[in-house]
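# An overview of the molecular structure
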Amino acid sequence: MDEPKGAKPKMASTKPKMAVLILGFLFVLAVIALITVAVTQNQRLPKNIKYGIVLDAGSSHTNLYVYTWPAEKENDTGVVQQVEVCKVEGPGISGYSQAVQNASRSLQHCLERAQEVVPQQQHQETPVYLGATAGMRLLSLENRHVAMEVLSAVENRLRSSPFNFQGARIITGQEEGAYGWITINYLLGSFKQSGWLNFLPKLTSIKETVGALDLGGASTQITFVPEQEQSESQENSLHFRLYGKSYNVYTHSFLCYGKDQALRMKLVRDLQNAETARLQDPCFHTGYERNVSIRDLYASPCTANYKQSLAFPQLHVVGSGDYQACQTRIEELFNKTSCPYSKCSFNGIFQPPLQGHFGAFSAFYFVMNFLNLSADSSPAPLNSAISTMKNFCSRPWSEVKAAYPQVKEKYLSEYCFSGTYIISLLKTGYEFSLETWQQIQFLGKIGSSDAGWTLGYMLNLTNMIPAEQPLMRPLSHAGYVGLMVLSSLVLVGALLLGWCIFRKPRCLRKGIV
Ligand SMILES: Nc1ccn([C@@H]2O[C@H](COP(=O)(O)OP(=O)(O)OP(=O)(O)O)[C@@H](O)[C@H]2O)c(=O)n1
Ligand SMILES: [Ca+2]
């Protein structure tokens, strides 16, 4: 049987077409498979959130902080965030020396609050730490036994909470300064180095750290990285290795130079020349009056040396609202007469030349914020801070009280003293000049987290700050997937092109297609 004419060429053109179709189908299938594998393999796992609790047992009050962070990123810098702060009612725990059990009872409300914030199934795994600062340091100097009783009362309370109790202790002034410095630099991202630049360690530009200024009720801390690496005083120098970089840090904590103890020290000095129970005080507004128990005034190790027997049990303080006179009295608290080092702040304490920017928090911020002297970007120049204080101190108490009905009288009555004290401490004590004053930023929070020592303390105790830089992925998840797909497409395209050029398929030959 004769084959019909033209049947052969028809068969020949169908085969290559089929081959191209199959090839195209396989190509599309390969691309889909590639994308699916890349996406599913690198898919983010559901977030596993961790919690940590720190109680800051300060001299004036206790705060409970709850922090949270994604478990899979705990060694990255800047991932821990404060999600709750609970202010414990009443005084600081050192104020319970006469009724120790009340110290533990006072924590009840905030511990309940923490139980609401942390999901119940995570209570047991959530660490809780308590750190006590200068109020307890002073109580310990006064009566070590009572201080330990207070501490074990709060410890027992924390042990009986559903959280994972990790310790309650009095931290040193050095630790307080160091952890405050770690906190603000962690939150400001000073330890962060860009991912790509990590491949070029020599060229990596590392951000400068920021110094930390913390003012409490009973002590104040100054911490910064000085220009000179070698320190003249070992007790003021700390060494850290964080995220692959070494830091030599200067720190000093002045016990008794928190603003409440400083006011007491000023009052006992004023009392030395007093003949009557009435004391005129330029650091309070005119028209303001306050009675101070003489026994209470001398009850602190900060004032004990000035103890004298007085004929009256109460001091009657009467305000005269005079910034200049107030400043003169305050400056007497800073002894600048002798310095055994090349440079000192005051009381013969070594301090290297000030270096870089500073973050000033706690009472530095509360006071300067109230006085509108803590603008976000840069603070009011020193001279305008001084004129604000002159004006504020000279206002009669009745006027101030009427202007700020929402502010607690205890705080409001002391802002004239506190603002003047802050300026004196920074200017005369630490020797900030008109220029370096501009390098200070008064800050309460950084993001959602309060500036203070607690976050740094927790980061350290949970080993969340590695000494060496953890290996970082140079690309984001999306970037990685995109690049994988793109390079695969280029590769497949190149293979196809090569195949077409060198093994010219029949379909591409002239006359067939
Ligand atoms: N809005 C506020 C809140 C607090 N204060 C004052 O700020 C001081 C407390 O500062 P803080 O940093 O909380 O001190 P503590 O941590 O309690 O004390 P220390 O760190 O010395 O242990 C107290 O004098 C308190 O009266 C203030 O003036 N205005
Ligand atoms: Ca404090």
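Predicted, not measured: the structure shown is a model, and the values here were computed from it. (Residues numbered from 1 in each chain as written. Chains lettered and ligands numbered in written order. Predicted model: local features only at pLDDT ≥ 70, side-chain atom pairs only at ≥ 80, totals over all residues. Heavy atoms only, no water.)

### Things to note about the domain arrangement of the protein
For the protein, the assigned domains read domain 1 (47–170), domain 2 (173–192 + 203–452 + 464–472) and domain 3 (479–513). Taking the mean C-alpha position of each, domain 2 and domain 3 sit 71 Å from one another. (Domains from an automatic or database assignment.)

### What about the site of ligand 1?
Close to ligand 1 lie 20 residues; Ser60, Thr133, Ala218, Asp260 and Tyr415 are nearest. Interatomic distance of 3.4 Å between a backbone N/O atom of Leu215 and an oxygen atom of ligand 1. Backbone polar atom of Ser219 to an oxygen atom of ligand 1: 3.1 Å apart, as the coordinates give it. Coverage of ligand 1 by the protein amounts to 88% of the 620 Å² it exposes when considered alone. (Near = heavy atom within 4 Å. Polar contact = N/O pair within 3.5 Å; in protein donor to acceptor, adjacent residues only side chain to side chain. Areas by Shrake-Rupley, 256 points an atom, 1.4 Å probe, with all protein chains shown as cover.)

### Considering unusual backbone geometry
With a phi close to 85°, Cys256 is a non-glycine residue in the positive phi region. With respect to the element layout, Cys256 can be found in the loop between strand S9 (245–255) and helix H7 (259–272). Its relative accessible area of 11% is what places Cys256 among the buried residues. Although it is not a glycine, Asn463 adopts a positive phi angle of roughly 55°. Note on placement: Asn463 falls in the loop between helix H15 (453–461) and helix H16 (477–502). (Helix = DSSP H or I, 4+ residues; strand = E, 2+ residues; numbered from the N terminus. Buried < 20%, exposed > 50% of the residue type's maximum accessible area, 1.4 Å probe, protein only.)

### Side note on helix H3 (residues 108–117)
Turning to H3, its buried residues are Cys110, Leu111 and Ala114. End-on, the buried residues of H3 take up no more than an arc of 100°, which puts them together on one face. Along H3, the residues that are exposed and aim more than 90 degrees away from the buried face are His109 and Glu116. As for H3, its buried residues are in contact with strand S1 (49–57), strand S2 (62–70), strand S3 (81–87) and helix H5 (144–159). (Arc of directions from axis to C-beta. Contact = heavy atoms within 4.5 Å.)

### Concerning the state of the cysteines
Summed over the entire model, instances satisfying the criterion amount to five disulfides. Between Cys256 and Cys302 runs a disulfide, and the two sulfur atoms are separated by 2.0 Å. What sets the handedness of the Cys256 and Cys302 disulfide is the S-S torsion sign, and at about -85° it is left-handed. Placement of Cys256 in the loop between S9 and H7 and of Cys302 in the loop between helix H8 (294–297) and strand S12 (314–319) is noted, with a sequence separation of 46 residues between them. Residue Cys393 pairs covalently with Cys416 via a disulfide, S to S 2.1 Å. Its S-S torsion of approximately 110° makes the covalent link between Cys393 and Cys416 right-handed. Here Cys393, found in helix H11 (residues 382–394), pairs with Cys416, found in helix H13 (residues 409–429); they are 23 residues apart in sequence, far enough to count as distant. Across the pair, exposure class does not vary: Cys393 and Cys416 are buried alike. What links to what in the protein: the bonded cysteines, counted in sequence order, pair as 1-2, 3-5, 4-6, 7-8, 9-10. (Disulfide = S-S within 2.5 Å.)

### Considering the sheet that holds strand S4 (residues 127–132)
Each strand in a sheet pairs with its neighbour through backbone hydrogen bonds, running either in the same direction (parallel) or in the opposite one (antiparallel). Sheet architecture is open: five strands sit in the order S3-S2-S1-S4-S5, paired in mixed fashion. Each edge of the sheet is formed by a strand with only one pairing partner; in this case those strands are S3 and strand S5 (164–170). Neighbour-to-neighbour, the strand axes of the sheet open up by a mean angle of 15°, direction not taken into account. Pairing analysis gives six bridges linking S4 to S5, with the strands arranged parallel. Residue pairing in the sheet places Pro127 in a bridge with Asn164 of S5. Across the sheet, H3 lies against S1, S2 and S3, angled at about 150° from S3, the strand it touches most. (Pairing = 2+ DSSP bridges. Axes fitted to C-alpha atoms, helices over the stretch in contact; angles between N-to-C directions.)

### Observations concerning the UniProt feature "active site" (unreviewed entry) in the protein
Those residues carrying the UniProt feature "active site" (unreviewed entry) are Glu176 in this numbering. As for its position among the elements, Glu176 is in helix H6 (residues 173–188). If we skip the residues at most four places from it in the chain, Glu176 touches Thr133, Arg137, Ile171, Asp214, Ser219, Gln221 and Trp453. (UniProt positions renumbered as here; feature names shortened; annotations may be inferred.)

### Brief notes about the environment of Gly92
Locating Gly92 in the fold gives a position in the loop between S3 and helix H2 (100–105). The class of Gly92 is buried, set by a relative accessible area of 0%. The spacing of Gly92 and Ala277 is 185 residues in sequence and 29 Å in space, taken between C-alpha atoms. If near-sequence neighbours (up to four positions away) are discounted, Gly92 is found in contact with Gly58, Ser59, Ser60, His61 and Thr62.

### Details of the packing of aromatic side chains
Summed over the entire model, instances satisfying the criterion amount to 29 aromatic pairs. Plain terms: the ring middles of Tyr288 and Trp397 are 5.0 Å apart, the flat faces sit at 80° to each other, and that makes the pair edge-to-face. Of this pair, Tyr288 sits in the loop between strand S10 (278–281) and strand S11 (289–293) while Trp397 sits in helix H12 (residues 397–403); the two residues are 109 residues apart in sequence, bridging distant segments of the chain. Centroid distance Phe370 to Tyr415: 4.1 Å. Interplanar angle 15°. Geometry classified as stacked. Here Tyr415 lies in helix H13 and Phe370 lies in helix H10 (residues 363–370), a separation of 45 residues in the sequence. Assigned by exposure class, Phe370 and Tyr415 land together as buried. An aromatic cluster is built from Phe254, Tyr257, Phe334, Phe346, Phe417, Tyr421 and Tyr430, whose rings are joined through pairwise contacts. Over the ring of Tyr247 we find Lys245, and its NZ or CZ is 4.7 Å from the ring centre. (Phe/Tyr/Trp six-rings, centres within 6.5 Å; stacked < 30°, edge-to-face > 60°. Lys NZ or Arg CZ within 6 Å of the ring centre and 35° of its normal.)

### Some words on the environment of Cys344
Among the structural elements, Cys344 can be located in the loop between helix H9 (323–331) and strand S13 (358–362). Residues Cys344 and Leu271 lie 73 residues apart in sequence; the distance between their C-alpha atoms is 29 Å. When residues no more than four places from it in sequence are discounted, the contact partners of Cys344 are Cys339, Ile349, Phe350, Gln351 and Glu431.

### Details of the UniProt feature "transmembrane region" (unreviewed entry) in the protein
Per the UniProt record, "transmembrane region" (unreviewed entry) is found at residues 20–39 and 478–502. Within the segment residues 478–502, helix and strand shares are 100% and 0% respectively, and the terminal C-alpha atoms sit 36 Å apart.

### Some details on the nonpolar core
Among the nonpolar cores identified, the biggest contains 71 residues, and Leu213, Tyr421 and Leu426 are the most heavily contacted of them. Broken down by element, this core gets its largest block of residues, nine residues, from H13. Other than its neighbours up to four places away in sequence, Leu426 contacts Leu213, Phe364, Glu431, Phe432, Trp437, Ile440 and Phe442. Membership of the second largest hydrophobic core comes to 35 residues, among which are Val54, Val80, Trp181 and Tyr243. (Core = buried A, V, L, I, M, F, W, Y, C linked by side-chain atoms within 4.5 Å.)

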